[in-house]
Amino acid sequence: MNDWRYRFAEQRGTLLALLIFLVMFVIYVSNHPAGFTANVVQTAANKGVLLAFVAMAQTFVVLTAGIDLSVGMVFILCNCLASYLVVGSPSTTALGLFAVLATGLVCGAINGLVVVFGRLQPIVVTIATGAIYFGLALLLRPNPGSTANFNSDLADALTGKLPGGIPASLVALFVVVLIIWVPFRRSVIGRAAYAVGSSETAAYMSGMPTRSAKLVAYALSGLLGAIGGLFLTFFTYSGEASLANGNTYTLFSIAAVVLGGVSLFGGKGSAIGAIFGALAFRTIGDLLFVFDLDPLWQPLFQGVVLLLAICLGSARLFQVKNRLDLFA
Amino acid sequence: MTTDNAPLPAKRPSLLRRIDPAIATAFGCIVLLLLIGSVYSSNFLSPEYLLQQLKVASFLGIIATGMMIVVLMGQIDLSVPWVVTVGAMMSAAAASYGVVGETLAIPFGILCGVALGLVSGFGVAYLRIPSMIVTLAVNAVAQGLMVVYTGGFSPQDTATFAMRFLATGTTILGIPNALIVWAITGALVIFLLSRTIFGRAVYAIGNRERAAYLSGVATQRIVLLAFAISGGLSAFGGVLLAGYASKAAQSMGDAYLLPAIAAVVLGGTSILGGRGNYIGTVAGVILITLLQSILAVMQIAEFGRQIIYGAVIIAMLLLYGRERLQR
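So, here's what we can say about the structure. What you see is a predicted model, and the numbers here were worked out from it, not measured in a lab. (Residues numbered from 1 in each chain as written. Chains lettered and ligands numbered in written order. Predicted model: local features only at pLDDT ≥ 70, side-chain atom pairs only at ≥ 80, totals over all residues. Heavy atoms only, no water.)

## Regarding the overall build of chain B
At step 1: Across its full length, chain B carries 14 helices and zero strands.
At step 2: Reading the secondary structure of chain B in the N-to-C direction produces α-α-α-α-α-α-α-α-α-α-α-α-α-α.
At step 3: Here chain B has a C-alpha radius of gyration of 20 Å; the compact-globule value for 327 residues is 20 Å, and the two agree.
At step 4: Overall, the C-alpha framework of chain B stretches about 65 × 55 × 40 Å when taken along its three principal axes.
At step 5: Expressed as a percentage of its 327 residues, the buried residues of chain B come to 55%.
At step 6: In chain B, the proportion of contacts linking residues at least 24 apart, taken out of those at least 6 apart, comes to 76%.
At step 7: Per element, the accessible surface of chain B, about 14500 Å² overall, is 67% carbon and sulfur.
At step 8: One way to put it: in chain B the 18 positive side-chain charges average out to a point 13 Å from where the 10 negative ones average out. (Helix = DSSP H or I, 4+ residues; strand = E, 2+ residues; numbered from the N terminus. Rg over C-alpha atoms; globule rule 2.2 N^0.38 Å. Buried < 20%, exposed > 50% of the residue type's maximum accessible area, 1.4 Å probe, protein only. Contact = heavy atoms within 4.5 Å. Areas by Shrake-Rupley, 256 points an atom, 1.4 Å probe, with all protein chains shown as cover. Lys, Arg positive; Asp, Glu negative; His and termini not counted. Charge placed at Lys NZ, Arg CZ, Asp CG, Glu CD.)

As structure tokens, then:
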């Protein structure tokens, strides 16, 4: 096994994200008035998991060198839909869950179809489809609201604690990684998605299924957005078509992906890194609260941290020997 | 935009050859929208209504102008929402500082936008960070600054007389001042893009930054400058909007990011950079404004407007914005 050095280099971004998260979380917990208790961990996990799902959604598309600016709107749309459909008996709840996930998948697939077969730029397409998805969310929930027989037992189970104090939402996140990300990463399609991100022409010339790889990446992005939307509904018991919320999650998903070591130029990084990036970003945002500062400063603090974090990425400029490489 | 000098069949009139199909489609769609609108309401084609539309279009037009310069370089400026708000809030804030503040309100608002644009430009040009991330981060920082400044509420400052005069007044023949301001800005930018070294360099960078650098263009300085101009124009749009509403408000810029990008792209400017014409952007701006106006006249609810809006943009792009098939 002499390839450990290569394997380490491959996972460097993910490991760095894990390190940032651990440092931030230790600072957060050690300054928290309640200390390291199951409740503190549960609250932190529930907040972080939402962004982690949306960041995972963004990762799929970013790996193919695209960008999904509609991910926050899919998230909001599925939140509104879930507030109507996740109701009643176990069987109707299951049907509702399925419908919400299918909606997310379809939204993502529409993005993919327009990008692949319409041959348009992802950034413009997803801005426009984002407007459509937000319109649909507004149609469902012109005013924030909830349904009377919302299945709050399921919601409580998935946002509560398992025996031993482990937050259920973290377990759910782990299960999603296990049944969506790992198979994707190991499949031909997943490899092709990475290849498309590195060089679409080279991937095409090598006979890789570039089109289906992109389609699957966009569709899975929609699915992950829907899972995020479901969890938002589990936390709030209600749906709200909030434009500000959708935009914030889109912005934060990109921030989390960058913190998590996923290259926006495509082909590099992993969803695991993005998850740690998301958790780290959430923890940084909450640091202000444990230090008892005015919450008014939170947006500025988050913005500055975001700006500094992305500037760190340009440390590679010190390694550039030929000025021409700057413009690659 | 055919530039080859090879003799073409004489049958084709030269005018048709020179017109960009994208711009022609955009103008065609404007005519179509006007026809649809006139079916719904008889005064849709009246001069007053059209001038009113052009006045509303001016704010978007000025913001889209900055966006276009950035898009021509193959970059994008996602900091529009809060740079617009910064321009509006800062100019209104300056107005409360006596006579000096009143006179300097407009330049001060624009300067704040230029400063934010410089930060984005520095990140893109010298730190080599993708413009999408830098401008998103600058947007977040600008939002944070304004939240701290206003305490989370809309500020009480009101716009100065000059701002209101520029945004809502009329001078000769009932032509709105805002439209004149847009026309002057547009003329300056057309001159800048087609007659100056800066303009040539912007197109060159959009085609291939490496090649531009090797041909002796100070590409980093040009990128920095372009982002500063874009920030300044966004803030200027915000200043005018504050004059229009006679005060600044939280999230007043949110409604301008998507339309600005859409107007630039529908006007035939390639989102990959290097190709585009300001006339196209003008067409795109008018098209978007008319579309919004017609959806309002037809009294379609907000959700329907969002859906139709997104669908129309995708449909129009599918008409002429497609890339070549990879083979």
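## Quick look at the side chain of Gln58(A)
At step 1: Residue position: Gln58(A) is located in helix H3 (residues 38-63).
At step 2: Polar contacts involving the side chain of Gln58(A) include one to the main-chain amide nitrogen of Asp68(A), which spans 3.0 Å. (Polar contact = N/O pair within 3.5 Å; in protein donor to acceptor, adjacent residues only side chain to side chain.)

## Some words on the interface of chain B and chain A
It is common to report an interface's size as the accessible area lost on association of the parts.
At step 1: In this complex, chain B contributes 49 residues to the contact, which on the side of chain A involves 48 residues.
At step 2: Taking both partners together, chain B and chain A bury about 4600 Å²; carbon and sulfur atoms supply 76% of that area.
At step 3: Along the contact surface separating chain B from chain A lie zero salt bridges.
At step 4: Linking chain B with chain A are zero residue pairs in polar contact (both at pLDDT 80 or more).
At step 5: Elements supplying a minimum of two residues to the side of chain B that touches chain A: helix H6 (131-150), helix H10 (209-214), helix H11 (219-245), helix H12 (257-266) and helix H14 (302-320) of chain B.
At step 6: When residues of the side of chain B that touches chain A are assigned to their parent elements, the largest contribution, 12 residues, is made by H6(B).
At step 7: Its residues assigned to classes, the side of chain B that touches chain A comprises 32 nonpolar, nine polar and eight charged. (Buried area = accessible area lost by both parts, 1.4 Å probe. Salt bridge = Lys/Arg side-chain N within 4 Å of Asp/Glu carboxyl O. Nonpolar A, V, L, I, M, F, W, Y, C, P; charged D, E, K, R; others polar.)

## Thoughts on helix H13 (residues 278-297) of chain B
All names here are of chain B.
At step 1: Taking 1.5 Å of rise per residue, 20 residues should cover 28 Å, and H13 covers 28 Å from first to last C-alpha, within 8% of that figure.
At step 2: Counting buried positions over the 20 residues of H13 gives 14, a clear majority of the element.
At step 3: Looking one or two residues beyond H13, the residue adopting positive phi is Gln299, at roughly 55°. (Expected span 1.5 Å × (residues − 1).)

## A closer look at the packing of aromatic side chains
Two numbers describe a pair of aromatic rings. These are the distance of the centres and the angle of the planes.
At step 1: Taken as a whole, this structure holds 16 aromatic pairs over all chains when the rule is applied.
At step 2: Ring centres of Phe60(A) and Trp181(A) lie 5.6 Å apart, and the angle between their planes is 65°; this geometry places the pair in the edge-to-face category. On the criterion of sequence distance, the pair formed by Phe60(A) in helix H3 and Trp181(A) in helix H8 (residues 168-186) is long-range, its members being 121 residues apart. This pair shows no difference in class: Phe60(A) is buried, exactly as Trp181(A) is.
At step 3: Arranged with centres 5.5 Å apart and planes meeting at 25°, the rings of Phe122(B) and Tyr126(B) form a pair that is stacked.
At step 4: For Tyr126(B), a relative accessible area of 30% puts it in the partly exposed group.
At step 5: Grouped by ring-pair contacts, the aromatic residues Phe21(A), Phe25(A), Tyr28(A) and Phe276(A) constitute a single cluster. (Phe/Tyr/Trp six-rings, centres within 6.5 Å; stacked < 30°, edge-to-face > 60°.)

## Here's the deal with helix H2 (residues 12-31) of chain A
All names here are of chain A.
At step 1: Between the first and last C-alpha of H2 there are 29 Å, a value that for 20 residues agrees with the 28 Å anticipated at 1.5 Å per step.
At step 2: Every buried residue of H2 is listed here: Thr14, Ala17, Phe21, Phe25, Tyr28 and Val29. Buried positions in H2, seen along its axis, are confined to an arc of 85° and lie on one side of it. Opposite the buried face of H2, at more than 90 degrees from it, the exposed residues are Arg12, Leu19, Val26 and Ser30. (Arc of directions from axis to C-beta.)

## With respect to the nonpolar core
At step 1: Residues Met56(A), Trp181(A), Leu224(A), Met67(B) and Ile261(B) are the most contacted members of the largest nonpolar core, which totals 203 residues.
At step 2: Looking at which element gives the most residues to this core, the answer is H3(A), with 15 residues.
At step 3: Residues within four places of Met67(B) in sequence aside, it is in contact with Ile76(B), Asp77(B), Val80(B), Ser230(B), Leu257(B), Ala260(B), Ile261(B) and Val264(B). (Core = buried A, V, L, I, M, F, W, Y, C linked by side-chain atoms within 4.5 Å.)

## Points about unusual backbone geometry
Working note: non-glycine residues mostly have negative phi, and peptide bonds are mostly trans.
All names here are of chain A.
At step 1: You will see that Ala65, though not glycine, has its phi angle at about 65°, which is positive.
At step 2: Looking at the element boundaries, Ala65 is found in the loop between H3 and helix H4 (71-85).
At step 3: We note that Tyr237 has phi near 65°; this positive angle belongs to a residue other than glycine.

## Brief notes about the environment of Ile271(B)
At step 1: Inspection of the secondary structure assignment puts Ile271(B) in the loop between H12 and H13.
At step 2: Overall, the relative accessible area of 13% leaves Ile271(B) in the buried class.
At step 3: A sequence separation of 38 residues divides Ile271(B) from Leu233(B), and the C-alpha atoms of the two residues are 19 Å apart.
At step 4: Sequence-distant contacts of Ile271(B), that is, excluding residues within four places in its chain, are made with Gln121(A), Ile123(A), Val124(A), Val71(B), Gly74(B), Ile76(B), Ile261(B) and Val265(B).

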